[in-house]
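A look at the structure
Listed here are the chains, written in short residue letters.
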Amino acid sequence: QVQVVESGGGLVQPGGSLRLSCAATSSIFSFYAMGWFRQPPGKQRELVAEITGDGVTNYQDFVKGRFTISRDNVKKMVYLQMNSLKPEDAAVYYCNTDPPLEWYWGQGTQVTVSS
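Starting afresh in each chain, residues are numbered from 1 along the sequence in its written order. Note on the predicted model: pLDDT of at least 70 is required for a residue's local features to be given, and 80 or more for side-chain atom pairs to be given and counted; whole-chain, interface and lining totals, by contrast, use all residues. Based on all heavy atoms of the structure, the side-chain values leave hydrogens and waters out of the count.

**Details of the sheet that holds strand E1 (residues 5–7)**
The sheet built from 4 strands is open, its strands ordered E1-E3-E8-E7 with antiparallel pairing. Both outer strands of the open sheet, E1 and strand E7 (67–72), are each paired with one neighbouring strand and no more. On average, each strand axis in the sheet is tilted by 15° relative to the strand beside it, whichever way the strands run. We call two strands paired when DSSP finds no fewer than two bridges between them. Helical segments are the DSSP runs of H or I of at least four residues, strand segments are the runs of E of at least two, and each set is numbered from the N terminus. Direction of pairing for E1 relative to strand E3 (residues 18–23): antiparallel, over a ladder of 3 bridges. Residue Ser-7 lies in a different strand from E3, and its bridge partner there is Ser-21. Lines fitted to C-alpha atoms define the axes here, with helix axes fitted over just the stretch in contact, and angles between the N-to-C directions of these axes take values from 0 to 180 degrees.

Now the structure itself:
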C-alpha cells in the first residue's frame, strides 16, 4: 500500500514543543495541497493545518499562533512545528493530501501532552 509515514511524536509537558515530520510517496507530490489531521481519544479525526503546493498555509482556530506547517518539495516532506502545547492537543497526528485520500493514510504518530 502506498502511504505517508509520520514521525516525531512523543511525550511533552504542557507549554512544550514538538516537531512532526511526514514523508510522502508521490511522484507528483509538489502539485498536491497537504494537511495535518489529528484524532483525540474518543473523537473524530479533524483537520489541523493545510499547505498548498506553493506554500500557502491555513490553520484551524484552535492552533493559530501556536503551530506552523511547512513543506520541502525536493525531499517530499511535510512538517508541523507545534509550540505552546496544551493537554487538548493530545492525539494521534496524521498527514494526507488536502482533501484527504482514503487510501493514503499512514499509521500516524502519537502526541501526548502531560505533566
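**Here's the deal with the state of the cysteines**
Throughout, a disulfide means two cysteine sulfur atoms within 2.5 Å of one another. In this structure the tally under the stated criterion is 1 disulfide. Two residues share a disulfide in this structure: Cys-22 and Cys-95, whose sulfurs sit 1.7 Å from each other. As the torsion about the S-S bond is roughly 60°, the Cys-22-Cys-95 disulfide counts as right-handed. With Cys-22 in strand E3 and Cys-95 in strand E9 (residues 91–97), this residue pair connects regions lying 73 residues apart in the sequence. Classification of Cys-22 as buried rests on a relative accessible area of 0%. Throughout this description, buried means an accessible area under 20% of the type-specific maximum (1.4 Å probe, protein chains only), exposed means over 50%, and partly exposed covers the range between. Judged by its relative accessible area of 0%, Cys-95 falls in the buried class.

**Looking at the pattern of salt bridges**
Two side chains bearing opposite charge may form a pair once their charged atoms approach each other closely. Salt bridges are counted wherever a side-chain nitrogen of Lys or Arg sits within 4 Å of a carboxyl oxygen of Asp or Glu. Counting across every chain of the model gives 4 salt bridges. Across the pair Lys-64 and Asp-61 runs a salt bridge whose closest N-O atoms are separated by 3.2 Å. What emerges from the salt-bridge pattern is a single network uniting Arg-38, Glu-46, Arg-66 and Asp-89.

**Notes on the packing of aromatic side chains**
Ring pairs shown here join Phe, Tyr and Trp side chains whose ring centres sit within 6.5 Å, with only the six-membered ring taken for Trp; geometry is labelled stacked below 30 degrees between planes, edge-to-face above 60, and tilted in between. With the rule as written, the count across this model stands at 3 aromatic pairs. When the centroid spacing of 5.2 Å and the interplanar angle of 80° are considered together, the rings of Phe-37 and Trp-105 count as edge-to-face. Separated by 68 residues along the polypeptide, Phe-37 in strand E4 (residues 34–39) and Trp-105 in the loop between E9 and strand E10 (109–113) bring together distant segments of the chain. With respect to class, Phe-37 is no different from Trp-105; both count as buried. Residues Tyr-94 and Trp-105 carry aromatic rings whose centres are separated by 5.9 Å and whose planes lie at 80° to one another, so their mutual orientation is edge-to-face. Placement of the pair is Tyr-94 in strand E9 and Trp-105 in the loop between E9 and E10, with a sequence separation of 11 residues. A network of ring pairs unites the aromatic residues Phe-37, Tyr-94 and Trp-105 as a single cluster. Lysine and arginine charges are scored as sitting over a ring when NZ or CZ, respectively, is within 6 Å of the ring centre and within 35 degrees of the ring normal. Above the face of the Tyr-79 ring, Arg-19 is positioned so that its terminal group lies 4.1 Å from the ring centre. It is Arg-71 that lies over the ring of Phe-29; its NZ or CZ is 4.4 Å from the centre.

**Brief notes about the sheet that holds strand E6 (residues 57–59)**
Pairing within the open sheet is mixed, and its 6 strands lie in the order E2-E10-E9-E4-E5-E6. In the strand order of this sheet, the two ends are held by strand E2 (10–12) and E6, each with one partner. When the angles between neighbouring strand axes are averaged without regard to direction, this sheet yields 25°. Bridge analysis of E9 against E10 gives 3 bridges, and the strand direction is antiparallel. Note that in E10 the partner of Ala-91 across the bridge is Val-111.

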